[in-house]
Amino acid sequence: MEWKRKKKQFSWFRLGLLSLIGYFVYICIGQQYQLYTTNREAGVVQRQLEQMQQTHQELADERERLNDTKYIEKLAREQMGLVKAGEVPFISGGGTGKK
């Protein structure tokens, strides 16, 4: 018994089908990559938004405190070294502690 091999013929249909499948795979991979980068950028923007909202809240709180005369007085004493009339300012030596 002799086995005869059939010679495989070139098929345009198979080539077209493989090309079509390859094209769809290429499109799907491209879309997945775009989706990945968009989600990553959205995460970065979300973190920036949260940080800016926190900063906004801190500034709004500071603005509210600046309407309080006691807070303004405290800032004037601590940051500018101001004293009320009749008070004696106390200035510490601020030494290093070495003798």
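Look up: the structure comes first, before these words.
Residues numbered from 1 in each chain as written. Predicted model: local features only at pLDDT ≥ 70, side-chain atom pairs only at ≥ 80, totals over all residues. Heavy atoms only, no water.

(A) Region of interest: the overall build of the protein. Secondary structure assignment for the protein yields two helices and zero strands. Each of the 99 residues in the protein was classed as buried or not, and the buried ones make up 4%. For the protein, the exposed surface amounts to about 10,600 Å²; the carbon and sulfur share of it is 59%. (Helix = DSSP H or I, 4+ residues; strand = E, 2+ residues; numbered from the N terminus. Buried < 20%, exposed > 50% of the residue type's maximum accessible area, 1.4 Å probe, protein only. Areas by Shrake-Rupley, 256 points an atom, 1.4 Å probe, with all protein chains shown as cover.)

(B) Inspection of helix α2 (residues 69-80) at higher detail. Over its 12 residues, α2 extends 16 Å from the first C-alpha to the last, a length consistent with the 16 Å expected when each residue adds 1.5 Å. Tyr71, Leu75 and Ala76 are the residues of α2 that are buried. Within α2, the buried residues cover an arc of 140° as seen down the axis, which keeps them to one side. In α2, those exposed residues whose orientation departs by more than 90 degrees from the buried face are Thr69, Lys70 and Glu78. On its buried face, α2 is in contact with α1 (12-65). Positioned one or two residues after α2, glycine 81 has a phi angle of 70°, which is positive. (Expected span 1.5 Å × (residues − 1). Arc of directions from axis to C-beta. Contact = heavy atoms within 4.5 Å.)

(C) Summary view of the pattern of salt bridges. One pass over the structure, following the stated rule, counts three salt bridges. Arginine 65 is paired through a salt bridge with glutamate 62; the nearest N and O atoms lie 2.5 Å apart. Taken together, the positions of arginine 65 and glutamate 62, both in helix α1 and three residues apart, correspond to about one turn of that helix. Judged by relative accessible area, which is 37%, arginine 65 ranks as partly exposed. Given the relative accessible area of 24%, glutamate 62 is considered partly exposed. Here arginine 77 and glutamate 73 are joined by a salt bridge, their closest N and O atoms 3.3 Å apart. Of the two residues, arginine 77 and glutamate 73 are both situated in helix α2; the distance of four residues between them amounts to about one turn of the helix. (Salt bridge = Lys/Arg side-chain N within 4 Å of Asp/Glu carboxyl O.)

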